[in-house]
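Next come the chains, spelled out residue by residue.
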Amino acid sequence: MKRVVTLQDISCVGKCSLTAAIPVLSCLGVETAVIPTALLSTHTAFDSFVSVDLSEEIDSISEQLLKNNISFDAIYTGYLGSYEQVNEISGFIDSFRNKDCIVVIDPAMADDGELYAGLPEDFVEYMRPFTSKADVIIPNLTEACLLLGMGYKEPVLFSEEEIQQMLYRLADMGPEGVVITGIHFGEKEMGAVSYDKKQDILSDARSIRHHGRFLGTGDIFSSVVTGCLLDGQQLSEATEHAVHFVNRCIEETEKAPDKRWYGVNFESCLGELTGYI
Ligand code: PXL
């Protein structure tokens, strides 16, 4: 069985980051180790929250894992909330990566043209060199613009040509694989685009467009891509599965009478993941 270590926060309530990544990766048949980078009462879209930074714990945890000869088939990072966390995790990657280990970085820091609440304004300056360590990066459209130093505009206003150039430019920054999420294909469809630099393959994956904001879907998306890559799938196939699964989670949420504003009902769909591997 493949083993991934995922490094991101644990939000007590919020249906995101580790509480989404663990069940999704487990259902994809991957042993899921975790390094919680921060403990939050809720994710940062709630009106108020407390956050405890766990950066200082990462070094001693790494040391113990190394002492126990533990290695990973993938290192997957998500939301990081401080410069210290980025620095510590950068060191973690240097210590644990090897030629058989794939590094997936979701530079989760912004959406809808805005940085997440509580992050420092210049956070992208730290995220940019960090993402160059990845084999695969999975930004949403806002994060892709930030990483490239481009202005943001409504997703529907990006042309196909512009999106393609963004994929190439992000791949030039280091990663072999780039997936951009939150792409609009006209008024009725949305999904993701991917570029596999080694194989020179561009692809897209689409589902019907849902209106509204669906928090945590980026974390679910990246977890599906990581699990499918560990299953040996091509980036385009992993992206196709992630778009399909996120669409299913949104459909289930929209039908639920108790739908929660802060996250999607991925729980109802977990059983479907076994069909992806
Ligand atoms: O889903 C991304 C995410 C993860 N973790 C925390 C967040 C967010 C987005 O707002 O605040 C703590």
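Keep in mind that this is a model prediction, so the values were computed, not measured. (Residues numbered from 1 in each chain as written. Predicted model: local features only at pLDDT ≥ 70, side-chain atom pairs only at ≥ 80, totals over all residues. Heavy atoms only, no water.)

1. Considerations on the overall build of the chain
The condition that has to hold: Note on conventions: DSSP H or I runs of at least 4 residues are helices, E runs of at least 2 residues are strands, and numbering of each starts at the N terminus. For the radius of gyration, the atom set is restricted to C-alpha positions; the globular benchmark scales as 2.2 Å times the number of residues to the power 0.38. Contacts are residue-level and defined by heavy atoms, with any inter-residue pair within 4.5 Å sufficient. All accessible-area figures derive from a Shrake-Rupley calculation using a 1.4 Å probe, and residue coverage is judged against the displayed protein chains alone. Under the convention used here, Asp and Glu are negative, Lys and Arg are positive, and both His and the chain ends fall outside the count. A charge is said to be at NZ when it belongs to Lys, at CZ for Arg, at CG for Asp and at CD for Glu.
If you tally the helices and strands in the chain, you get eight helices and 11 strands. In terms of overall size, the chain behaves like a compact globule, its C-alpha atoms giving a radius of gyration of 17 Å where 277 residues would be expected to give roughly 19 Å. Along the longest, intermediate and shortest principal axes, the C-alpha atoms of the chain span 55 × 45 × 40 Å. Within the chain, contacts between residues at least 6 apart in sequence are counted, and of these 66% link residues at least 24 apart. Surface summary for the chain: the accessible area is close to 12300 Å², and the carbon and sulfur share equals 50%. In the chain, 20 positive and 43 negative side-chain charges are present, and the distance between their average locations comes to 4 Å.

2. A word on the site of the ligand
Rule in force here: We define proximity as follows: a residue is near a molecule or strand when any one of its heavy atoms falls within 4 Å of that partner. Here a polar contact means two N or O atoms within 3.5 Å. Within protein one must be a hydrogen donor candidate and the other an acceptor candidate, and residues neighboring in sequence count only if both atoms are side-chain atoms. Three categories are distinguished: nonpolar for Ala, Val, Leu, Ile, Met, Phe, Trp, Tyr, Cys and Pro, charged for Asp, Glu, Lys and Arg, and polar for the others, with Gly belonging to the last.
Taken together, Asp9, Ser11, Cys16, Ser17, Leu40, His43, Thr44, Tyr79, Tyr116, Gly216 and Asp219 are the residues near the ligand. Within the side chain of threonine 44, one N or O atom sits 2.7 Å away from an oxygen atom of the ligand. Between the ligand and aspartate 219, the relevant distance is 2.7 Å, taken from an oxygen atom to a side-chain nitrogen or oxygen of the residue. Looking at the shell around the ligand residue by residue, the class counts come to four nonpolar, five polar and two charged.

3. Side note on helix 2 (residues 55-67)
Convention followed: For every residue, the accessible area obtained with a 1.4 Å probe (protein chains only) is divided by the maximum for its type, and the residue is called buried under 20%, exposed over 50%, and partly exposed between those limits. Taken from the helix axis, the directions to the C-beta atoms give the arc we talk about.
Turning to helix 2, its buried residues number three or more, namely Ser55, Ile58, Ser62 and Leu65. One face of helix 2 carries all of its buried residues, which in axial projection span an arc of 65°. With respect to the buried face of helix 2, the exposed residues turned more than 90 degrees away are Glu56, Asp59 and Lys67. Taken together, the buried residues of helix 2 touch strand 2 (31-42), strand 3 (51-53) and helix 3 (83-96). Residue asparagine 69 follows helix 2 closely and has a positive phi angle near 55°.

4. Comments concerning the sheet that holds strand 1 (residues 3-13)
In plain terms, the rule: A pair of strands is treated as paired once DSSP finds two or more bridges between them. Interaxial angles span 0 to 180 degrees and are taken between N-to-C directions of axes, which are lines fitted to C-alpha atoms, for helices over the stretch in contact.
Taken together, nine strands build an open sheet; the order of strands is 3-2-1-4-5-8-9-10-11 and the sheet is mixed. In this open sheet, the two edge strands, each paired with only one partner strand, are strand 3 and strand 11 (201-208). Where strand 2 lies against strand 3, three bridges are found, and the strand directions are antiparallel. In the sheet register, leucine 40 faces strand 3, and the bridge partner there is serine 51. Packing against the sheet, helix 8 (residues 235-255) makes contact with strand 8 (136-137), strand 9 (177-185), strand 10 (189-196) and strand 11, and its axis sits at approximately 10° to strand 11.

5. Brief notes about the confidence of the model for the chain
Here is the rule: Per-residue confidence from the predictor is reported as pLDDT, a score between 0 and 100.
The predicted model of the chain averages 97 in pLDDT, with 100% of residues at 70 or higher. Within the chain, no element has a lower average pLDDT than strand 3, which sits at 96, and none a higher one than strand 8, at 99.

6. Overview of a negative patch on the surface
The cut-off we apply is this: To count toward a patch, a residue needs a relative accessible area above 30% and no salt bridge. Like charges then connect within 9 Å, nonpolar side chains (Val, Leu, Ile, Met, Phe, Trp, Tyr) within 5 Å. We count a salt bridge whenever a side-chain nitrogen from Lys or Arg sits within 4 Å of a carboxyl oxygen from Asp or Glu.
On the surface, Asp53, Glu56, Glu57 and Glu84 cluster together into a patch of negative charge. Following the sequence through the fold, aspartate 53 ends up in strand 3. Using a relative accessible area of 37% as the deciding quantity, one classes aspartate 53 as partly exposed.

7. Digging into the pairing of strand 11
Across eight bridges, strand 10 lies against strand 11 in antiparallel orientation. Residue glycine 191 lies in a different strand from strand 11, and its bridge partner there is arginine 206. Two successive antiparallel strands, strand 10 and strand 11, enclose a turn made up of four residues, where aspartate 200 displays a positive phi of approximately 50°.

8. Concerning the environment of alanine 134
Positionally, alanine 134 belongs in the loop between helix 4 (123-131) and strand 8. We classify alanine 134 as buried; its relative accessible area is 4%. Residues alanine 134 and valine 104, spaced 30 residues apart in sequence, show a C-alpha to C-alpha distance of 5.7 Å. Contacts of alanine 134, omitting those with residues within four sequence positions, involve Val103, Ile105, Gly174, Pro175 and Glu176.

9. Concerning the environment of threonine 44
Mapped onto the secondary structure, threonine 44 falls in the loop between strand 2 and strand 3. A residue is classified by how much of its surface remains accessible, and threonine 44, at 13% relative accessible area, is buried. As a C-alpha pair, threonine 44 and proline 175 span 131 residues in sequence and 28 Å in three-dimensional space. Dropping the residues within four chain positions of it, threonine 44 is found in contact with Phe49, Tyr79, Tyr116 and Ala117.

10. Quick notes on the packing of helix 1 (residues 17-27) against helix 7 (residues 217-230)
Our working rule: Helix crossings are classified by the rotation of the near helix relative to the far one: an anticlockwise turn of less than a right angle makes the crossing left-handed, while a clockwise turn makes it right-handed.
Where helix 1 contacts helix 7, the two axes come as close as 9 Å, and the packing angle between them is 35°. For helix 1 against helix 7, the interelement crossing comes out right-handed. Along its contact with helix 1, which presents Ser17, Ala20, Ala21, Val24 and Leu25, the element helix 7 presents Asp219, Ile220, Ser223, Val224, Thr226 and Gly227. Residue composition of the contact of helix 1 with helix 7, by class: six nonpolar, four polar and one charged.

11. Observations regarding the side chain of glutamine 85
Inspection of the secondary structure puts glutamine 85 in helix 3. Owing to a relative accessible area of 2%, glutamine 85 belongs among the buried residues under this scheme. A distance of 3.4 Å separates the side chain of glutamine 85 from the backbone oxygen of threonine 37, its partner in a polar contact.

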